[in-house]
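Fold and geometry: a report
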Amino acid sequence: MSADFLPDTRLPESSRPETLAVHAPQPEIRGSRPLGVPIHQGHVFAFESADTLAAAFESPDAFLYSRMGNPTVRALETAVARLEGGADALSYASGMGAINGVLLALLSTGGHVVAQRCLYGGTYALLTDLAARWGVEVTYVSGTDADEVRAAIRPETRLLYLETIANPTTRVSDLPALIAAAHEAGVPSCVDNTFASPLLCRPIEYGADVVVHSATKYLAGHADVLGGIAVFKDRELHRTVRHHAVEQGAITDPFAAWLTLRGLQTLPLRIERQSASAAELAARLAAHPAVAEVRHPSLAGHPDHAVAARLLPRGGGGVVSLDLAGGREAGKAFVEAVRLASLSVSLGDVKTLVMHPASTSHRQLDEQALAAAGIGPGTVRLSVGIEHVEDLWTDLEQALAKAL
Ligand SMILES: *Cc1c(COP(=O)(O)O)cnc(C)c1O
């Protein structure tokens, strides 16, 4: 390896300390390459000619100003686009940034969206806001019936919005059938693939036009960074949404992109372990007297078990939801009794997390509204981490004993 130290401008030999302090030389490494992606923290890039700078405005692969593109962020976009089998991707500051960016770029006043009823809370709130303030109309469907989608589509329908695995019900959308129903009417589709990750399901293979992720969850995986990604089946749509993203400015910081890239390297190992442990724990929970019902796509009694066998052959993901027989009090007692698992709202982390929606995230809802969201008073969501499955079971068992 040899490093040539390049002055960042054509610095005159006679430069004084005041000038030298500003123009630090930068190493240009030749003959080897860093195995870790470098963090390009610099937000602005210098050019030799006005024409190359002008051309850079048009290309996502030329770097002039980091809101329009940054080499570390671009490395993340390229990596996730390849994992999802898409043409290109856009990285955002958070999952909601990505979802907001895609919806605002593809919808306008008078536009209509067909969306799955059981959605991530933030997405549901965003659609409600778009409806109230911007005149976007939304029709909610079950996410399991293609004819329902056909019936909901109107001439002004601009988007079908689905989630691969819904939260916290773990219902699995029949992506190929629903996306095909939308395509028959020329309507593009967007799938939130956060819960499955591209290791378990690649919605673009089933025709999805856009795939969004909260990279905060499985992609990054270590509870240390917020991020969002939108992956596009074709370059045209990428160009349209990128144009909006540059205006929106909800871009990824290079360090956040670097952390996500680092997490991504172990995603296959994490998701394999998390999926297998979740399936094992779901089976054991289903046989426990304190538990009334367990939902995980791997269970034979799951309402979408057949769809999951087709779409998620490598595993049903790391999220399990269960209903404690003792209802609300039992749910609260359980999440307070776990020791290895943590009471936390997120998911997809290397550490196991538990959550009792009725007493926390959904505390304002009455029993009827909870039921409509697919949540019971004793529902607990478990995001299984990468700890040893027997240690997890020991913890869950002692917590269940306090929730009887
Ligand atoms: C967390 C989450 C989001 C939002 O992502 P943030 O990174 O928190 O903005 C969107 N969709 C799903 C399914 C999520 O779990």
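One can find the structure itself at the top, above this paragraph.
Read on for an overview of the structure. Sequence order sets the numbering: in each chain, residues are counted from 1 along the sequence as written. This being a predicted model, a pLDDT of at least 70 is required before a residue's local features are given, and a value of 80 or more before pairs of side-chain atoms are given or counted; all residues contribute to the totals for chains, interfaces and linings. The side-chain values count all of the structure's non-hydrogen atoms but skip hydrogen atoms and water molecules.

1. Notes on the side chain of His288
- Strands are runs of DSSP state E lasting at least two residues, helices are runs of H or I lasting at least four, and both sets are numbered from the N terminus onward. Mapped onto the secondary structure, His288 falls in the loop between α11 (267-286) and β10 (291-295).
- Relative accessibility decides the category of a residue: with a 1.4 Å probe and only protein chains considered, values under 20% of the type maximum give buried, values over 50% give exposed, and everything between is partly exposed. Residue class for His288 comes out buried when judged on its relative accessible area of 16%.
- Discounting chain neighbours no more than four positions away, the residues touching His288 are Trp393 and Leu400. Contacts between residues were defined by any pair of non-hydrogen atoms, one from each residue, lying within 4.5 Å.

2. Concerning the site of the ligand
- Throughout, near means a residue has at least one heavy atom within 4 Å of the molecule or strand. Around the ligand lies a shell of 13 residues, among which Gly95, Met96, Asp192, Thr216 and Lys217 are the nearest.
- A distance of 2.8 Å separates an oxygen atom of the ligand from a polar backbone atom of Gly95.
- A 1.4 Å probe and the Shrake-Rupley method give the accessible areas. Residues count as covered only by the protein chains that appear here. Burial of the ligand by the protein amounts to 92% of the accessible area it has alone, namely 380 Å².
- Ranked by the residues each element gives to the shell around the ligand, the list is headed by helix α4 (residues 95-106), at three residues.
- The residue classification treats Ala, Val, Leu, Ile, Met, Phe, Trp, Tyr, Cys and Pro as nonpolar and Asp, Glu, Lys and Arg as charged. All others, Gly included, are polar. Taken together, the residues of the shell around the ligand break down into five nonpolar, six polar and two charged. Counted as a polar contact is a pair of N or O atoms within 3.5 Å, where, for protein atoms, one must be capable of donating a hydrogen and the other of accepting one, and residues adjacent in sequence contribute only when both atoms are in side chains.

3. What about the environment of Ala208?
- Structurally, the position occupied by Ala208 is in the loop between α8 (197-200) and β8 (210-214).
- Residue Ala208 is classed as buried on the basis of its relative accessible area, which comes to 0%.
- With 175 residues separating them in the primary sequence, Ala208 and Arg33 have C-alpha atoms 36 Å apart.

4. A closer look at the sheet that holds strand β5 (residues 137-141)
- Here a strand pair is declared whenever DSSP counts at least two bridges between the two strands. Taken in spatial order, the seven strands make up an open sheet running β3-β9-β8-β7-β6-β4-β5, and their pairing is mixed. Edge positions in the sheet fall to β3 (88-92) and β5, since each has one partner strand and no second. With direction set aside, neighbouring strand axes in the sheet form an average angle of 20 degrees.
- The angle between two axes is taken between their N-to-C directions and runs from 0 to 180 degrees, where each axis is a line fitted to C-alpha atoms and a helix contributes only its stretch in contact. On the sheet, α4 packs against β3, β6 (157-163), β7 (189-192), β8 and β9 (228-232) and is oriented at approximately 150 degrees with respect to β8.

5. So, the packing of α11 against helix α15 (residues 389-401)
- Close contact between α11 and α15 brings their axes to 11 Å; oriented N to C, the two are set at 35 degrees. As for how α11 packs across α15, the hand of that crossing is right-handed. Contacts between α11 and α15 involve Ser277, Glu280, Leu281, Arg284 and Leu285 from the first element and Val389, Glu390, Leu392, Trp393, Leu396 and Leu400 from the second.
- By residue class, the composition of the contact of α11 with α15 is seven nonpolar, one polar and three charged. Throughout, a crossing is termed right-handed when the near helix is turned clockwise from the far one, and left-handed when it is turned anticlockwise from it by less than a right angle.

6. Notes on the state of the cysteines
- Cysteine sulfur atoms are paired as a disulfide whenever they come within 2.5 Å of each other. For the coordinates displayed, the defined rule picks out zero disulfides.
- No disulfide involves Cys118; its sulfur sits 16 Å from that of Cys190, the nearest cysteine.
- Take Cys190: it sits in no disulfide, and the sulfur closest to it among the cysteines is that of Cys201, at 13 Å.

7. Re the pattern of salt bridges
- A pair is scored as a salt bridge if a Lys or Arg side-chain nitrogen falls within 4 Å of a carboxyl oxygen belonging to Asp or Glu. Summed over the entire model, instances satisfying the criterion amount to 19 salt bridges.
- Salt-bridge contacts for Asp88 lead to Arg235; the nearest nitrogen and oxygen are separated by 3.7 Å. Highlighted residues: Asp88 in strand β3 and Arg235 in helix α9 (residues 235-248), separated in sequence by 147 residues.
- Given the relative accessible area of 7%, Asp88 is considered buried.
- Here Arg154 makes a salt bridge to Glu137, at a shortest N to O gap of 3.3 Å. Of this pair, Arg154 sits in the loop between α6 (146-152) and β6 while Glu137 sits in strand β5, and the two are 17 residues apart along the sequence.
- Residue Arg154 is classed as partly exposed on the basis of its relative accessible area of 29%.
- Ionic contacts of the salt-bridge type, sharing partners, join the residues Asp61, Arg74, Glu77, Asp88 and Arg235 into one network.

8. Section: the packing of aromatic side chains
- For this analysis, a ring pair means two rings from Phe, Tyr or Trp (six-membered ring only for Trp) whose centres lie within 6.5 Å, classed as stacked if their planes differ by under 30 degrees, edge-to-face if by over 60, and tilted for the remaining angles. Overall, the coordinates contain three aromatic pairs when judged by the stated rule.
- Here Tyr124 and Tyr140 contribute two aromatic rings whose centre-to-centre distance is 5.5 Å and whose plane-to-plane angle is 45 degrees, an arrangement assigned as tilted. Here Tyr124 is found in helix α5 (residues 121-134), whereas its partner Tyr140 is found in strand β5, with 16 residues between them in sequence.
- Looking at Tyr124, the relative accessible area reads 42%, which means it is partly exposed.
- Classification of Tyr140 as partly exposed rests on a relative accessible area of 22%.

9. Looking at the nonpolar core
- We call a set of buried Ala, Val, Leu, Ile, Met, Phe, Trp, Tyr and Cys residues a nonpolar core when their side-chain atoms join them within 4.5 Å. Counting 46 residues, the largest nonpolar core has Ile229, Val231 and Leu312 as its most contacted members.
- Domain ranges listed in this record stem from an automatic or a database domain assignment. Both domain 1 (52-264) and domain 2 (267-401) contribute no fewer than three residues apiece to this core.
- Contact partners of Ile229, with chain neighbours within four places excluded, come to Leu76, Val80, Ala89, Leu90, Ser91, Ala98, Val211, Val212, His213, Ala215 and Leu219.
- Listed in part, the 28 residues of the second largest apolar core include Leu324, Ala337, Ala399 and Ala403.

10. Thoughts on the sheet that holds strand β13 (residues 353-355)
- Spatial strand order, β10-β11-β14-β13-β12: five strands in an open sheet with mixed pairing. Edge strands, defined here as strands with exactly one partner in the open sheet, are β10 and β12 (342-343).
- As defined by bridge partners, β10 adjoins strand β11 (residues 319-324) across four bridges and the pair is classed as antiparallel. Counted as the bridge partner of Arg295 is Ser321 from β11.

11. Structural notes on the side chain of Glu163
- Along the chain, Glu163 falls in strand β6.
- No salt bridge forms around the buried Glu163; measuring N to O, its nearest opposite-charge neighbour Arg381 is 9.2 Å away.
- If we ignore the near neighbours within four places in the chain, the residues touching Glu163 are Gln116, Cys118, Leu119, Tyr120, Ser173, Val191 and Asp192. A positive count includes Lys and Arg, and a negative count includes Asp and Glu. His and the chain ends are not counted in either.

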